[in-house]
Amino acid sequence: MKHIPLSLKSPKALKAATGVMQAYGKTVALSIILAGQLSLCLPMQTFAQPQVLHLQKATDALSVRQLWVENKTAPTGIATQHPRLSWASSSGGQNVMQTAYEIRLATSQADVQKGKKLYWKTGKVNSGSSRHVLYEGPTLKSAEKYYWQVRIWDNQGHQSAWSQPASFLTGFLSKTDWKAQWIEPGYTEDPQLRPSPLMRKDFVLHKKIKSARAFITAHGLYEAFINGKKIGKGFLTPGWTSYNKRLQYQSYDVTNLIQGGKNAIGVRLGNGWYRGYLAWGDTHNIYGKTLGLLFQLEITYTDGSKSTILSDGSWKSTTGEIRYAEIYNGETIDHRMTQKGWMLPGYQDQDWTPVKTVRAGYDNLVTTENELVEKHETFRPLKVITTPKGEKVLDFGQNLVGWVVVHLKGNAGDTIKIFHAEVLDKAGNFYTTNLRKAKAEDQYILSGKGQETFEPHFTWHGFRYIKVEGIDGPLNPEDFTAVALYSNMAQTGHFSSSDSLINQLQHNIEWGLRGNFWMCPLTVHKETKDWAGPEMRKCFPEPPVF
């Protein structure tokens, strides 16, 4: 459903609402979404769905302009033998409708574009369907990337050119595809701080590489690297699910990260929802007490042979600069503890501890269906504030969910503390009472080695203001950048009006959605639970706007 917020006090808005209801008839529903606000719910199918567009002024030619697999663009981790294919078309003519289509699919982009070595082709199919057309070809293979194209015919005798190629990467189509072992840190953990574990493995490749796919999940959160470069754009993976029933794994095409010769894999883990502190009591270790990793790298060589690099007993473990990380309370990073070069080949890890292998099984593993949390907008401080209490505060101008990247310089052992708040109190002082027991505090300890950059990994905050402690003298706004993080949802709907207040309300609604979509609908810090999801979907269903 599409929701357009309108003021009950605006006669023009009510007249517009009446017009919309008349236009859409009985399919329009009304619901109260905020005090004093009226929400028009327009039928979902009228907004941004894969379908033939009958009127387009951009060109007179019939064309296919966008392709989806399982409602996603170029998805990874497809775990069904019959993925649903969809496309959108355009034409400059009027009353133009699709009457037939043809799909072709291959395992390389060059082959599908040439129409050679095709893995599947439909031939011309007389149908107006352009949504959720089932793949009905030969059995798909796990960890394989497929490319496909479509062309269509219309009711006026026109035939489109083949679309631009689109792709999808399959995940593991059978539990038996998993060969990796679950591994856990082998060292004795500090039971109070529980620093984030580091795990690594070196390996050597002697053949020319055609492709490489990585399949990763964790008990806890993970960030993974190959040869020092981050795998994927996602953060706080694998996200939050009921882990004992459904633990998502992520699928990545890492061909461009692998090199001939020496390579290295590095992974850091965080507590997250798996064993971190949740709610307001001493609630932690809900799903388990020990962090763990499952990592499988599938490599195909140009000669057709294959090899796998697995998480197993050959990996090493230790701790590093992330000394503490909790969703509610924030993160402590000590650059004096940095393991420089640990993600790179040839790192001397003889002092690291061998990992432990455990039997955690694969029965609860599922591919990722939702969009991952990624970095989006960045914000510079708009104001530097000294509060009546003398606090040093930066104002980023609006509420957002994410974290702050900081550039600092100082002596070894200097500690900088950053606190996060959504509002100031009536007197203009920093206010965090509404956060209850959540500390929302990041601590950065300098190494004293020139300019240093600090950024959290396994926490996040809802904030507009930050309070900074530990810096002598005035704050330099250029040293601080707020980064918004949320699920990588495409915005498919927009609303604006001549009323600035209504526009501001719409802006607030959209940013409220962004801040609460973290793979599953969450509320930030005061709850950080997914029970808000069903209620939010009643009033703010995401498909029309995101």
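Everything here concerns the structure above.
What to know about the overall build of the chain
Within the chain, the regular secondary structure consists of five helices and 39 strands. Residue burial in the chain is summarised as follows: out of 546 residues, 53% are buried. Sequence-distant contacts, at least 24 apart, represent 76% of the contacts inside the chain between residues at least 6 apart. If you sum the accessible surface of the chain, you get close to 25,000 Å²; carbon and sulfur atoms cover 50% of it.

Remarks on the sheet that holds strand β6 (residues 76-78)
Strand order in the open sheet formed by five strands is β6-β12-β11-β8-β9, with mixed pairing between adjacent strands. Sheet topology places β6 and β9 (120-121) at the edges, where each strand pairs with a single neighbour.

Some words on the side chain of Asn364
Take Asn364: it is sitting in the loop between β26 (356-358) and β27 (365-367). A polar side-chain atom of Asn364 sits 2.7 Å from the main-chain carbonyl oxygen of Tyr243. When residues no more than four places from it in sequence are discounted, the contact partners of Asn364 are Tyr243, Asn244, Lys245, Arg246 and Leu247.

Some details on a positive patch on the surface
A surface patch of like charges, here positive, comprises Lys114, Lys116, Lys117, Lys141, Lys210 and Lys306. With respect to the helices, strands and loops of the structure, Lys210 is situated in strand β15 (residues 209-219).

Re the pairing of strand β19 (residues 261-270)
Along β19, eight of the 10 residues are buried, which leaves the element largely enclosed by surrounding structure. Bridging between strand β14 (residues 197-205) and β19 involves eight bridges; their strand directions are antiparallel. Looking at β19, one finds that Val204 is bridged to Lys262. Taken together, the six bridges between strand β16 (residues 221-226) and β19 define a ladder with antiparallel strand orientation.

Cut-off values and rules
Residues numbered from 1 in each chain as written. Predicted model: local features only at pLDDT ≥ 70, side-chain atom pairs only at ≥ 80, totals over all residues. Heavy atoms only, no water. Helix = DSSP H or I, 4+ residues; strand = E, 2+ residues; numbered from the N terminus. Buried < 20%, exposed > 50% of the residue type's maximum accessible area, 1.4 Å probe, protein only. Contact = heavy atoms within 4.5 Å. Areas by Shrake-Rupley, 256 points an atom, 1.4 Å probe, with all protein chains shown as cover. Pairing = 2+ DSSP bridges. Polar contact = N/O pair within 3.5 Å; in protein donor to acceptor, adjacent residues only side chain to side chain. Patch = residues over 30% accessible without salt bridge, like charges linked within 9 Å, V, L, I, M, F, W, Y side chains within 5 Å. Salt bridge = Lys/Arg side-chain N within 4 Å of Asp/Glu carboxyl O. Lys, Arg positive; Asp, Glu negative; His and termini not counted. Charge placed at Lys NZ, Arg CZ, Asp CG, Glu CD.

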